[in-house]
Amino acid sequence: MPFSDYSTALVTGASTGIGATVVERLAKQGLRVHAVARNGERLAELAERTGCVPHALDLTDTAALTELTRNLEIDVLVNNAGVSRTGNILSVDEFGVDELVAVNVAAVLHLVRLLMPGMVERDRGHIVNISSIAGVYNFGGNTVYHATKAAVHTLSRQLRVDGYGKRVRITEICPGRVETEIFGRLIGDMEAAQREFYDGYESLKPEDIADAIEFAVDSPRHVNIGHIEILPTFQVPGGLNFERRSDA
Ligand SMILES: NC(=O)c1ccc[n+]([C@@H]2O[C@H](COP(=O)([O-])OP(=O)(O)OC[C@H]3O[C@@H](n4cnc5c(N)ncnc54)[C@H](OP(=O)(O)O)[C@@H]3O)[C@@H](O)[C@H]2O)c1
């Protein structure tokens, strides 16, 4: 039912992976979808296929985000774009901190800051934030990524407090491993990433995440689907490390 309440959407990270599939899905539901990413060629192809409105820009450019949203009334905002890096805090470099904070957290905060007041004023809107199981569980990985996704997790809860009393719904989608380009970008080699992270595993597909988003957005008006954790059946976070030291 609420799809009929909404007419516009903005999806970040729309040039590939989860974002491109979500654009396709929301467009199929009849929304005018604004698709944001840096790769203009891919966005043009997506626009050709789905009718979305492409916006090639870098999310770390706050002035461009401000300009983009100046005259836009957005009903459904999907904060999907995200980046990761290899290495934990012992090896991360300056860019590995700054880029992740800028894309995974600051851009999300800016877009919400720019678009949520309009939703509150119109008493109509839905914000979907894509976090990660890395935001709620600790395991060997990229510490900056875990920290930024934990921020998205907390922000999603906080936004419900900020919008209290208005019909603005906030959904956090918290995925485990999804078959996309993310690991290829991470190690700088798409084929090696395919072999290392996907071949032989039953990972989630972008369609599984789009299904979850569609379910949350299409829920009745009085229902806010707050948090959906969605993992491959054969992926389980958890475990406990306890090192025995011979000099203890
Ligand atoms: N795949 C997984 O296993 C997994 C698991 C848990 C959570 N997630 C989360 O799901 C979301 C989508 O990930 P994905 O797997 O679909 O990733 P992906 O295939 O690597 O796509 C990332 C998207 O973000 C865009 N992007 C990156 N930096 C940008 C920037 N500075 N400005 C504008 N756009 C930028 C990229 O577009 P351009 O390069 O064209 O800019 C691309 O469209 C992310 O938040 C990720 O953390 C993924």
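Structure shown above.
Keep in mind that this is a model prediction, so the values were computed, not measured. (Residues numbered from 1 in each chain as written. Predicted model: local features only at pLDDT ≥ 70, side-chain atom pairs only at ≥ 80, totals over all residues. Heavy atoms only, no water.)

## A word on the site of the ligand
Turning to step 1, where the next piece is worked out: Taken together, the neighbourhood of the ligand is formed by 31 residues, with Ser15, Arg38, Asn80, Tyr145 and Thr180 sitting nearest.
Turning to step 2, where the next piece is worked out: Within the side chain of Ser15, one N or O atom sits 2.8 Å away from an oxygen atom of the ligand.
Turning to step 3, where the next piece is worked out: Here Arg185 contributes a side-chain N or O atom positioned 2.9 Å from an oxygen atom of the ligand.
Turning to step 4, where the next piece is worked out: Alone, the ligand offers 900 Å² of accessible surface; in the complex the protein occludes 97% of this.
Turning to step 5, where the next piece is worked out: The set of elements that each furnish at least two residues to the shell around the ligand consists of α1 (17-28), α5 (143-162) and α6 (182-187).
Turning to step 6, where the next piece is worked out: Examining the composition of the shell around the ligand, we find that three residues originate from one element, α6, more than from any other.
Turning to step 7, where the next piece is worked out: The class makeup of the residues in the shell around the ligand is 14 nonpolar, eleven polar and six charged. (Near = heavy atom within 4 Å. Polar contact = N/O pair within 3.5 Å; in protein donor to acceptor, adjacent residues only side chain to side chain. Areas by Shrake-Rupley, 256 points an atom, 1.4 Å probe, with all protein chains shown as cover. Helix = DSSP H or I, 4+ residues; strand = E, 2+ residues; numbered from the N terminus. Nonpolar A, V, L, I, M, F, W, Y, C, P; charged D, E, K, R; others polar.)

## Details of the pattern of salt bridges
Turning to step 1, where the next piece is worked out: Overall, the coordinates contain 13 salt bridges when judged by the stated rule.
Turning to step 2, where the next piece is worked out: Between Glu214 and Arg25 there is a salt bridge whose closest N-O contact spans 2.6 Å. Within this pair, whereas Glu214 is found in helix α8 (residues 206-218), its partner Arg25 is found in helix α1, the two being separated by 189 residues in sequence.
Turning to step 3, where the next piece is worked out: Here Glu181 and Arg185 are joined by a salt bridge, their closest N and O atoms 3.2 Å apart.
Turning to step 4, where the next piece is worked out: Look at the salt bridges and you will find they share partners, linking Glu24, Glu45 and Arg49 into a network. (Salt bridge = Lys/Arg side-chain N within 4 Å of Asp/Glu carboxyl O.)

## Examining the side chain of Glu172
Turning to step 1, where the next piece is worked out: With respect to the secondary-structure elements, Glu172 resides in strand β6 (residues 168-175).
Turning to step 2, where the next piece is worked out: With near-sequence residues (within four places) excluded, Glu172 lies in contact with Asn129, Ser131, His153, Ser156, Gly226, His227 and Ile228. (Contact = heavy atoms within 4.5 Å.)

## Points about the environment of Ala107
Turning to step 1, where the next piece is worked out: The residue Ala107 is located in helix α4 (residues 94-122) in this model.
Turning to step 2, where the next piece is worked out: Each C-alpha atom, one on Ala107 and one on Ala147, is 15 Å from the other, the two residues being 40 residues apart in sequence.

## Topic: the packing of α1 against helix α2 (residues 40-50)
Turning to step 1, where the next piece is worked out: For the pair α1 and α2, interaxial distance at closest approach is 10 Å and the crossing angle is 25°. Classified by the angle between their axes, α1 and α2 sit roughly parallel to one another. Regarding α1 and α2, the two cross each other, and that crossing is right-handed. Where α1 abuts α2, its residues Ala20, Val23, Glu24 and Ala27 lie against Leu46, Arg49 and Thr50.
Turning to step 2, where the next piece is worked out: Class assignment for the residues of the contact of α1 with α2 results in four nonpolar, one polar and two charged. (Axes fitted to C-alpha atoms, helices over the stretch in contact; angles between N-to-C directions. Parallel < 35°, antiparallel > 145°, perpendicular 65-115°, else oblique. Left-handed = near helix turned anticlockwise from the far one by under 90°.)

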